[in-house]
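Secondary and tertiary structure notes
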Amino acid sequence: MRFDDFRRSDNIDDRRDQDGGGGGGGGFGFPMGGVGLGIGTIVVLGIVGWALGIDPRLLIGGAEMISHSTQQQQTGSRSGKEGAPTDEMGSMISGVLGEIDDRWTEVFKDSGQRYVGPKIVLFRGRTNGGRCGMAQAAMGPFYCPPDRQIYIDTSFFKQVETRFHGCSGSACQFTAAYIIAHEVGHHVQNQLGILDKVTQKQRQYGDGAEANGLQVRVELQADCLSGVWVNREKKKRPNFLEDGDIDAALTTAAAIGDDTLQRRAGREVVPDSFTHGSAAQRKRWFMTGYQQGTIQSCNTFAAEKL
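So, a few notes on the structure that sits alongside this text. Bear in mind that the values here come from a model prediction, so they are computed numbers and not experimental data. (Residues numbered from 1 in each chain as written. Predicted model: local features only at pLDDT ≥ 70, side-chain atom pairs only at ≥ 80, totals over all residues. Heavy atoms only, no water.)

We now examine the overall build of the protein chain. Tallying secondary structure elements over the protein chain gives 10 helices and 7 strands in all. For the protein chain, buried positions account for 59% of its 306 residues. Only carbon and sulfur atoms are counted for the fraction: they give 45% of the accessible area of the protein chain, which is about 12300 Å². (Helix = DSSP H or I, 4+ residues; strand = E, 2+ residues; numbered from the N terminus. Buried < 20%, exposed > 50% of the residue type's maximum accessible area, 1.4 Å probe, protein only. Areas by Shrake-Rupley, 256 points an atom, 1.4 Å probe, with all protein chains shown as cover.)

Let us look at the side chain of Thr154. Residue position: Thr154 is located in the loop between β7 (149-153) and α4 (155-163). Dropping the residues within four chain positions of it, Thr154 is found in contact with Arg16, Met89, Ile93, Leu122 and Phe123. (Contact = heavy atoms within 4.5 Å.)

For the rest of this paragraph, the subject is helix α5 (residues 170-191). For α5, with 22 residues, the first-to-last C-alpha span of 31 Å sits near the 32 Å given by 1.5 Å per residue. Counting buried positions over the 22 residues of α5 gives 19, a clear majority of the element. (Expected span 1.5 Å × (residues − 1).)

Sheet faces and side chains relate simply in a regular strand, where the side chains alternate between the two faces. Counted residue by residue, β7 has 5 buried out of 5 residues, so it is predominantly covered. Along β7, one buried face is formed by Gln149, Tyr151 and Asp153 and the opposite face, lined by Ile150 and Ile152, is buried too. Bridge count between strand β3 (residues 119-123) and β7: 5 bridges; the pairing is parallel. Looking at the pairing, Lys119 lines up with Gln149 of β7. For strand β6 (residues 142-144) and β7, the ladder comprises 3 bridges, and the chain directions are antiparallel. (Pairing = 2+ DSSP bridges.)

Attention now moves to the state of the cysteines. The tally for this structure, following the rule as stated, stands at 2 disulfides. Here Cys132 engages in a disulfide with Cys144; their sulfurs sit 2.2 Å apart. Taking the sign of the torsion about the S-S bond as the criterion, the disulfide between Cys132 and Cys144, at about 95 degrees, is right-handed. Separated by 12 residues along the polypeptide, Cys132 in the loop between β4 (126-128) and β5 (134-136) and Cys144 in strand β6 bring together distant segments of the chain. (Disulfide = S-S within 2.5 Å.)

Inspection of every chain in the model, using the stated rule, returns 15 salt bridges. Of the charged contacts, one joins Asp87 and Arg16 as a salt bridge, the two residues approaching to 2.7 Å between their closest N and O atoms. One end of the pair, Asp87, is in the loop between β2 (81-82) and α3 (88-110); the other, Arg16, is in the loop between β1 (12-14) and α1 (49-52), with 71 residues separating them in the sequence. Owing to a relative accessible area of 30%, Asp87 belongs among the partly exposed residues under this scheme. One salt bridge in this structure joins Arg282 and Asp223, with 2.7 Å as the shortest N-O distance. Of this pair, Arg282 sits in helix α10 (residues 279-292) while Asp223 sits in helix α7 (residues 209-236), and the two are 59 residues apart along the sequence. (Salt bridge = Lys/Arg side-chain N within 4 Å of Asp/Glu carboxyl O.)

Taken as a whole and judged by the stated rule, the model has 9 aromatic pairs. A centroid spacing of 6.5 Å and a plane angle of 85 degrees characterise the contact between Trp104 and Phe108, whose relative ring orientation is edge-to-face. Taken together, the residues span about one helical turn, with Trp104 and Phe108 both in helix α3 at a distance of 4 residues. The burial state of Trp104 is the same as that of Phe108; both residues are buried. Connected via pairs of aromatic rings, a cluster forms that spans Phe6, Phe174, Trp229 and Phe240. (Phe/Tyr/Trp six-rings, centres within 6.5 Å; stacked < 30°, edge-to-face > 60°.)

In this section: the sheet that holds β7. Within the open sheet, the 5 strands sit side by side as β2-β1-β3-β7-β6. Their pairing is mixed. Of all strands in the sheet, those bounded by a partner on one side alone are β2 and β6. In this structure, β1 lies alongside β3, joined through 3 bridges in parallel fashion. Bridge pairing links Asp14 to Leu122 in β3.

A few words on the packing of α5 against α7. Remark: α5 packs on α7, axes separated minimally by 7 Å, with the N-to-C direction vectors making an angle of 120 degrees. In terms of their interaxial angle, α5 and α7 are classed as oblique. The hand of the α5/α7 crossing is right-handed. Of the residues in α7, those in contact with Phe174, Ala177, Tyr178, Ala181, His182, Gly185, His186, Val188 and Gln189 of α5 are Val218, Glu219, Gln221, Ala222, Asp223, Leu225, Ser226, Trp229 and Val230. Among the residues forming the contact of α5 with α7, the class breakdown is 10 nonpolar, 6 polar and 2 charged. (Axes fitted to C-alpha atoms, helices over the stretch in contact; angles between N-to-C directions. Parallel < 35°, antiparallel > 145°, perpendicular 65-115°, else oblique. Left-handed = near helix turned anticlockwise from the far one by under 90°. Nonpolar A, V, L, I, M, F, W, Y, C, P; charged D, E, K, R; others polar.)

For the rest of this paragraph, the subject is the packing of helix α6 (residues 194-205) against α7. Viewed as axis vectors pointing N to C, α6 and α7 meet at an angle of 165 degrees, and their least axial separation amounts to 8 Å. Classed by the angle they form, the pair α6 and α7 counts as roughly antiparallel. In terms of crossing hand, the pair formed by α6 and α7 is left-handed. Where α6 abuts α7, its residues Ile194, Leu195, Val198, Lys201, Gln202 and Tyr205 lie against Glu210, Ala211, Asn212, Leu214, Gln215, Val218 and Gln221. Here the residues of the contact of α6 with α7 sort into 7 nonpolar, 4 polar and 2 charged.

All quantities given are derived from atomic positions and should not be read as evidence of function.
Printed below as a string of structure tokens:
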């Protein structure tokens, strides 16, 4: 991925230099094994536990944490350095966020809407995740809907590069961009009111296959929306993708499919317990967004077959 000419976003809260990750105190506990939990509960998701050496009980649900809880934290989060970081990793993340924000601003403007992008909080180890509780490295990147912020422990991407054999060099950078775009996809859903509607329906269903099925559609739509960004960015910058980038993203999408994670955790594959979709589904919906480039193409809720 070529990102030298990406617009750097200043919407970054860089807490990486804070002792112990900052933000002490408070926070929700998180369940050991996210299967069967709805969006209204903290869902712990991770990425490729078998590749990163993370306890698969933390990761079996998928690739990020989403919380719609309205419980307030007893302590405030401690902000770090505001603005675009200057180190290579921080600069790449800031550039990806800048371009994602610009493309979604264009998409929303075309439909007469206003887009306001999320903030990314960079940290190491752990930090206060606001109304979504304590953010910890083992959770992987996640989006907190009430605060409209994305939390990323940047060592996560280094682990992907060194321990996940699906990418190297530029392809790993694009894999990181795909993951960030997926999280921003949840922010797009939040702005469009999709997450609130799904939460209301899940409360009607309670925990079970129906609630899980709705969450699968939420996650697959976020995969699709990440593909929409790649489509739009490629039109803006035809040469930003390099050989192997798309294949790396598809490899990652397959590796974080619920069926893959369940097998790696030594579990039986149980489709009714899925919260993010199978490897094939995640790849299919990313490619749908990438090939068609529209929000309308990402209507997983209307799809008879995922």
